[in-house]
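Architecture at a glance
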Amino acid sequence: MMKRVAAIILAAALLFVSAGCVRRTPQNVRFRVVTSFYPLYIMALNITDGVPGIQVDNMAGQQAGCLHDYQLQSKDMKNIEQADMFVINGAGMENFMTKVTSQLPNLHVVNSSEGIPLLRDESGEANPHIWVSITNYIRQVSNIAEGLEKADPENAAAYQKNAQEYMAKLSVLRDKMHEELSGITHRDIITFHEAFPYFAEEFDLHIARVVNREPDSQPSVRELAETIRLIRGSGVKAVFAEPQYPKSAANIVADESGAAVYSLDPAVTGENSKNAYLEAMESNLKVLKQALK
């Protein structure tokens, strides 16, 4: 009797483990999309929503923020190697692409920046933060959808439908932001990362100064002092940090200049939700209305 009970328990345990393995293993995946980082992942989630057999993975995860100087790891290469399509931001964001294409010459890459006019700094280097502009983001969604339609024509109609619905939501939000920001009285801002030139261009804001262009480093004492003098002399009322990085330098500038510190979100981290970008921009709208009224 005891042997029979033990056998039943063992069989149940094996069945539980087996069932657990089944739940953890993606079933019926026939087309795998890998995105380079978070904003592209959100785009791809929307475009592929409800399409059977599609798996979307985010290579860099959320710990990286923007891909400035991102170093590919062996797990990243394995991840990309198994992809049917690799979606990148382009515009110089993914500095590692030479390594990827040299090792994976047959990889299907979709560059979402195709056709988007790029802003350049004083040295002529392109600013890759194109997605922070809703208009550019819409174009990126369209480019990715087009790439998916060509690579997976069986589901082209579904991709197009999803993309059109998502772009309609983005257009409504863009129009709302233009309308509600049209009456703001102060348009000069200071940011602590070069993520917002496209956003500023779209909503007619003037970036008086970018402090600490590389967010992983600290601005110098001289740079902070120059920023404080600029604010005192120009009447800039708002300093914008990003939720992904410490606000210590921004707080110093604000304390010494009288400006207030706010957060603007470039949408490089957040919930793995289809609505994450829309929600980030809605939040940015509320912040700007409060900061620049």
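Because the structure is a prediction, the values reported are computed rather than measured. (Residues numbered from 1 in each chain as written. Predicted model: local features only at pLDDT ≥ 70, side-chain atom pairs only at ≥ 80, totals over all residues. Heavy atoms only, no water.)

1. Things to note about the overall build of the protein chain
A tally of helices and strands in the protein chain yields 10 helices and 8 strands. Classification of the 293 residues of the protein chain by burial places 49% in the buried group. Of the contacts formed within the protein chain by residues at least 6 apart in sequence, a portion of 65% connects residues at least 24 apart. Of the roughly 14,800 Å² of accessible surface on the protein chain, 51% is carried by carbon and sulfur atoms. (Helix = DSSP H or I, 4+ residues; strand = E, 2+ residues; numbered from the N terminus. Buried < 20%, exposed > 50% of the residue type's maximum accessible area, 1.4 Å probe, protein only. Contact = heavy atoms within 4.5 Å. Areas by Shrake-Rupley, 256 points an atom, 1.4 Å probe, with all protein chains shown as cover.)

2. Focus: the sheet that holds strand E6 (residues 206-210)
Pairing within the open sheet is parallel, and its 4 strands lie in the order E6-E5-E7-E8. Both edges of this open sheet fall to E6 and strand E8 (260-263), since each of them pairs with a single strand only. Across this sheet, the average inter-strand angle for adjacent strands is 35°, counted without regard to direction. Its contacts with the sheet put helix H8 (residues 221-234) on strand E5 (188-191), E6 and strand E7 (238-241), and the angle it makes with E6 is roughly 150°. (Pairing = 2+ DSSP bridges. Axes fitted to C-alpha atoms, helices over the stretch in contact; angles between N-to-C directions.)

3. Considering the environment of Asn-272
With respect to the secondary-structure elements, Asn-272 resides in the loop between E8 and helix H10 (276-291). The class of Asn-272 is exposed, set by a relative accessible area of 52%. Here the alpha-carbon distance between Asn-272 and Ile-42, two residues 230 residues apart in the chain, equals 7.1 Å. Ignoring anything within four residues of it in the chain, the contact list for Asn-272 reads Tyr-38, Tyr-41, Ile-42, Leu-45 and Gln-62. Within polar-contact distance, the side chain of Asn-272 engages the side chain of Gln-62 at 3.1 Å. (Polar contact = N/O pair within 3.5 Å; in protein donor to acceptor, adjacent residues only side chain to side chain.)

4. Examining the packing of aromatic side chains
Scanning the entire structure with this criterion turns up 7 aromatic pairs. Here the aromatic rings of Tyr-137 and Tyr-166 are separated by 6.0 Å at their centres, their planes lie at 75°, and the arrangement is edge-to-face. Residue Tyr-137 is found in helix H5 (residues 134-151), and its partner Tyr-166 is found in helix H6 (residues 156-181); the two are separated by 29 residues along the sequence. Owing to a relative accessible area of 2%, Tyr-166 belongs among the buried residues under this scheme. Three or more aromatic residues joined by ring pairs form one cluster here, namely Tyr-137, Tyr-166 and Tyr-277. (Phe/Tyr/Trp six-rings, centres within 6.5 Å; stacked < 30°, edge-to-face > 60°.)

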